[in-house]
Amino acid sequence: MTNSTRPRVYLTEAMTETESGVLHTWLGEQLSDATVPATAVAITDQALLDLTRREDDPLLTPVRVVWLPRNPNEPGTVRMREAMSPRDPLHPGRGAQRRLLRTDPTRCRVIEGEPAPLSDLERRLAEDGGGSLPEYIRRQAALALERAERTLLGDQYKVSRFVVDEITDSRRYREGIRRLSAEQNVRLSDVDQHARTSLDELVATQSRRAVALWGRLGRYFSRAYRLDVDTARFDELRELNRQHSLVFLPSHRSYLDPLVLRPALLANDLPLNHVMGGLNINFWPIGPIGKRSGTVFIRRKFGDDEVYKWTLREYMRYLITKRFNLEWYIEGGRGRTGKLRPPRFGILTYLAQAFQSSVASDVYLVPVSLIYDQLYEVSAMAAEAHGEVKQKEGLRWMVGYVRAQGERNGVAHVTIGRPLSLAQALAQESDQRRAIQKTAFEVCHRINEVTPITASSLVLLAFLGIEDRALTVRELELILTPLIEYILIRDLPTAGDVDLTNPQVVRKALQTHLDSGVLRRYAEGDELVYYLGSDQHLVAAFYRNNSIHFLVTRAIAELVIQGAVDDHPDNLVTSGWEDAKRIRDILKFEFFFPDKATFEQQMRDELTIIRPGWENDLDDPDHASKMLEAVLPYLAHRVLQPFLEAYEVVADQLVVMPVSSTFDEKSFMTTCLGIAKQRRLRQQIASSESISSELFGTALALARNRGLVETDVEDGDAAGADAVVVRREEFAAEIRALVGRVRRIRELAHERLATLTVPGVAASAPESDADGPSA
């Protein structure tokens, strides 16, 4: 029997009186024109049970009345009352329905889900492992209607209402819990209950009402920002999304990140993501609304809970099999320093396992750069880096945070990096663990390569490199002019494609930092000067660090040249390359580097920018000195000095610590903070940004990697302990030598600036165009 000759059954849902009238009229037209028997059946338990007993194998067609929403991105200020409105844009109230039918009937539609013969549904249920046929019909009808709605409305309202049922009704689920029961020696019923409870906790039970509410809340919460979206890669993403799930992996700067990325995706015709988030933000009202609009709340720690781990994998497998898009922050938490943190591998590991056990041909990882010109929570993160306790998220915290968003304006920049095939990435290594780690680092590298340079970050780069000294506008231009020229030579991306050579761009950024209090001005002397506000070094460093990933290799090149000047190597290429690799190894927990061959080529390119043709006179005994003199601008002290001075604090403290198999990290960090504050007061540290638990943490990771923290030396093993002490002292000496180099470069930069700003010299130069070298 073909579908055209089967009796047709229209499956209808519960409706309002208005919707019932609309559907009654529509059904009348369909039934009057039918060439085969056709009836309408309400989706009730008894009606579905009766339907399954029919022997004429009818064609089942679900139908529904929908109300088209207004444009969700219509311009205008969003008020808090509007943001919190519980109205559902697709299901207006009874009065609104009657009014819309009179005033705008085109917004009322009847949609049909894809029809299916009863026998086909019976077969599919059997293939899935069996179960209740009436319930299966109900579920498949709802899913068919959801697909029809997406065709009409777009993917903003892509939802899945029966995730738990679809997972737990499958043969795969039953086989999985039986295996876990045997492996864990736990009763099958207990494993089943644990898995179902975990699924209920994990699954984002989306509703259109919550999706719309979350969208309005997002626009209200992020109302202080104008969105700048680089759309260059969205055509590629839409094409990939036709066949594959996309996994968006943004940099994490703010609590606002998911609210910023969401409208950027919707405006470019991509569906909402399932956002994997921590339980720390699962508080009322954000938690309930977030869960029903796509947020998957994952426990921060689940240790040896194998059932929870399996359940999470199965849920992720379901999502990518159904081609839902995912999103999480590969850093694990907000970056406290303004640059990318080292990646966390946990969720990526579960994704890889879920993908390998699925029928999906591939999944594409999408690196995303999110940065802000100004950000409310930077001050709080700076205080935490200085040792203050992080404020716990909650309703009171949220109210204060939301209110603060109305006090500052700025731009949020969204840039998409090169998508990465998960299948190809995992195939690069036979060792799964190593493959996942390399994949994560590659994602971070691709985020960095598209994170644009902002005028905001350049201004603060200048002030941080000058220590506590105030600057005139003229001095600021003298510092930034060669830096901007360097950016242009390398053709580095800039936020919003702004013209950094335009003085108004820099002056606007200067004013933005004045308005926020990061910078201050003093006008009581004979010339207006600007300086960093009190205790604003870490805040300024956050914005500066948004851009320094592009400058790290150049800074290392300067350190190598300074080392050649200090040590007079026979050959800058041979000795310098080994020196560069040592510095790269020291900074590997702080920055993301390419493979060694690419890094070596980047080093050569930097040396060529500094002094074209530098390889032609390597035999000149003054070659390194001439190279150092040709550096324009000096960047090593602006980029690396805070990190190296923080590392020096950690290295020195390790030297005086007793060698032990145990290590009190909290006490160690407290001691390092105290020592760093003391050194800063004595001007032994150039900037307060070196007083940072974040930087101490990465320094400690490096020391652990070298076996200098916890050791396996047994009590009484004096020789073993002495060997560790010697290695700690060598580590401290290595860091101390690099700090010495970077300070000498800083002195050169200050001397050069001084020669350009002596009375009569600076005044003779034009205000907007400096001739000659700058600092």
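**Considerations on the overall build of the protein**
Counting secondary structure elements, the protein contains 33 helices and 15 strands. Among the 775 residues that make up the protein, the fraction classed as buried is 54%. Counting only contacts in the protein whose residues sit at least 6 apart along the sequence, the fraction spanning at least 24 positions is 79%. Summed over its atoms, the accessible surface of the protein is roughly 34,900 Å², and 48% of this surface lies on carbon and sulfur atoms.

**Focus: the packing of aromatic side chains**
On inspection of all chains with the given rule, the structure shows 11 aromatic pairs. Judged by centre distance (5.7 Å) and plane angle (85 degrees), the ring pair of F542 and Y543 falls under edge-to-face. We note that F542, like Y543, is buried. Summarising the aromatic geometry, the rings of W577 and F599 are spaced 5.8 Å apart at their centres and angled 40 degrees between planes, so their arrangement reads as tilted. Note that W577 is positioned in helix 25 (residues 572-586) and F599 in helix 26 (residues 596-610), a separation of 22 residues in sequence. Judged by its relative accessible area of 0%, F599 falls in the buried class. Grouped by ring-pair contacts, the aromatic residues F302, Y308 and Y350 constitute a single cluster. Sitting over the face of the ring of F591, K339 holds its NZ or CZ atom 5.3 Å from the ring centroid.

**Structural notes on the pairing of strand 1 (residues 8-12)**
Burial of strand 1 is extensive: 4 of the 5 residues sit out of reach of the surface. Handedness of the β-α-β unit built from strand 1, helix 1 (residues 17-33) and strand 2 (residues 38-42) comes out right-handed. Looking at chain direction, strand 1 and strand 3 (residues 59-67) are connected through 4 bridges and run parallel. Within strand 3, the residue paired with R8 across the bridge is L59.

**So, a positive patch on the surface**
On the surface, a cluster of positive charge is contributed by R94, R98, R99 and R102. For R98, the position within the fold is in helix 4 (residues 94-103). Note on R98: relative accessible area 47%, which makes it partly exposed.

**So, the pattern of salt bridges**
The final tally for this structure, using the stated rule, is 53 salt bridges. The partner of E149 in a salt bridge is R64, and the shortest N-O contact between them spans 2.8 Å. In this pair, E149 sits in helix 6 (residues 133-153) while R64 sits in strand 3, placing the two residues 85 residues apart along the sequence. Where D305 meets R299, a salt bridge forms, and the shortest distance between an N and an O atom there is 3.4 Å. Salt bridges sharing common partners tie together D120, R123, R124 and E127.

**Considering helix 8 (residues 171-184)**
For helix 8, which comprises 14 residues, the first-to-last C-alpha distance of 20 Å matches the rise-based estimate of 20 Å (1.5 Å per residue) to within 8%. For helix 8, the elements touching its buried residues are helix 7 (163-168), helix 9 (188-202) and helix 14 (306-321). Note on helix 8: the residue one or two positions beyond its end, N185, has a positive phi of about 55 degrees.

**Section: the nonpolar core**
Among the nonpolar cores identified, the biggest contains 126 residues, and F248, L458, F463, L480, I556, L640 and F696 are the most heavily contacted of them. Among the elements that line this core, the one with the most residues is helix 32 (residues 718-756), at 10 residues. Residues in contact with L458, not counting those within four places in the same chain, are I453, L480, L483, I484, I487 and L500. Ranked by size, the runner-up nonpolar core spans 51 residues in total, among them A195, M316, L422 and I447.

**Comments concerning the environment of T439**
Here T439 is to be found in helix 19 (residues 432-450). Taking the C-alpha atoms as reference points, T439 and L420, 19 residues apart in sequence, are found 8.6 Å from one another. Apart from residues lying up to four places away in sequence, T439 is in contact with L348, L365, L420, A425 and L426.

**Some remarks on unusual backbone geometry**
Cis geometry is found at the peptide bond from L632 to P633, where omega equals 0 degrees. Within the element layout of this structure, P633 appears in the loop between helix 27 (623-630) and helix 28 (636-639). Phi at N185 is positive, roughly 55 degrees, even though this residue is not glycine. Along the polypeptide, N185 turns up in the loop between helix 8 and helix 9. Take N185: its relative accessible area is 73%, and that puts it in the exposed class. Here the phi dihedral of R323 falls at roughly 65 degrees; this positive angle occurs in a residue that is not glycine. Assignment of secondary structure puts R323 in the loop between helix 14 and strand 10 (326-327). On the basis of relative accessibility, which here comes to 32%, the residue R323 falls in the partly exposed class.

**A word on the pairing of strand 14 (residues 519-522)**
Relative to strand 15 (residues 529-532), strand 14 is paired through 4 bridges, and the arrangement is antiparallel. Pairing of L519 across the sheet is with L532, part of strand 15. Connecting the antiparallel pair strand 14 and strand 15 is a turn made up of 6 residues.

**A closer look at helix 4**
Those residues of helix 4 that fall on the buried side of the exposure criterion are A96, Q97 and L100. Seen end-on, helix 4 carries its buried residues on one side only, within an arc spanning 100 degrees. Exposed side of helix 4, more than 90 degrees from the buried face: R94 and R102 are the residues found there.

**Remarks on the side chain of D192**
Turning to its location among the elements, D192 is positioned in helix 9. Within the structure, D192 has its side chain in polar contact with the side chain of Y173 (distance 2.5 Å). Once residues within four sequence positions are removed from consideration, D192 is found in contact with Y173 and I177.

**Digging into the confidence of the model for the protein**
Mean pLDDT over the protein: 85, with 85% of residues reaching 70 or higher. When pLDDT is averaged over each element of the protein, strand 13 (residues 420-421) comes out on top at 97 and helix 33 (residues 761-764) at the bottom at 38. Residue range residues 73-86 is modelled with pLDDT below 50. Its contacts to residues more than four positions away, or to other chains, number 20 contacts.

**What to know about the packing of helix 24 (residues 552-567) against helix 26**
Closest axis-to-axis distance for the helix 24/helix 26 pair is 9 Å, and the angle between their directions is 70 degrees. If you check the angle between helix 24 and helix 26, you find them roughly perpendicular. Along its contact with helix 24, which presents T553, R554, I556, A557, V560 and I561, the element helix 26 presents F599, Q602, M603, E606, L607, I609 and I610. Taken together, the residues of the contact of helix 24 with helix 26 break down into 9 nonpolar, 2 polar and 2 charged.

**Some details on the environment of L514**
Mapped onto the fold, L514 is located in helix 22 (residues 503-516). For L514, a relative accessible area of 15% translates into the label buried. With 16 residues separating them along the chain, L514 and Y530 place their C-alpha atoms 8.8 Å apart. Sequence-distant contacts of L514, defined by excluding residues within four places in its chain, comprise L519, R520, R521 and Y530.

**With respect to the environment of E527**
Within the fold, E527 resides in the loop between strand 14 and strand 15. With relative accessibility at 46%, the residue E527 sits in the partly exposed group. Here E527 is in contact with T472 and Y522, once residues within four sequence places are set aside.

Quick notes on the rules
Residues numbered from 1 in each chain as written. Predicted model: local features only at pLDDT ≥ 70, side-chain atom pairs only at ≥ 80, totals over all residues. Heavy atoms only, no water. Helix = DSSP H or I, 4+ residues; strand = E, 2+ residues; numbered from the N terminus. Buried < 20%, exposed > 50% of the residue type's maximum accessible area, 1.4 Å probe, protein only. Contact = heavy atoms within 4.5 Å. Areas by Shrake-Rupley, 256 points an atom, 1.4 Å probe, with all protein chains shown as cover. Phe/Tyr/Trp six-rings, centres within 6.5 Å; stacked < 30°, edge-to-face > 60°. Lys NZ or Arg CZ within 6 Å of the ring centre and 35° of its normal. Right-handed = clockwise from strand over helix to strand, strands pointing away. Pairing = 2+ DSSP bridges. Patch = residues over 30% accessible without salt bridge, like charges linked within 9 Å, V, L, I, M, F, W, Y side chains within 5 Å. Salt bridge = Lys/Arg side-chain N within 4 Å of Asp/Glu carboxyl O. Lys, Arg positive; Asp, Glu negative; His and termini not counted. Charge placed at Lys NZ, Arg CZ, Asp CG, Glu CD. Expected span 1.5 Å × (residues − 1). Core = buried A, V, L, I, M, F, W, Y, C linked by side-chain atoms within 4.5 Å. Arc of directions from axis to C-beta. Polar contact = N/O pair within 3.5 Å; in protein donor to acceptor, adjacent residues only side chain to side chain. pLDDT = per-residue confidence, 0-100. Axes fitted to C-alpha atoms, helices over the stretch in contact; angles between N-to-C directions. Parallel < 35°, antiparallel > 145°, perpendicular 65-115°, else oblique. Nonpolar A, V, L, I, M, F, W, Y, C, P; charged D, E, K, R; others polar.

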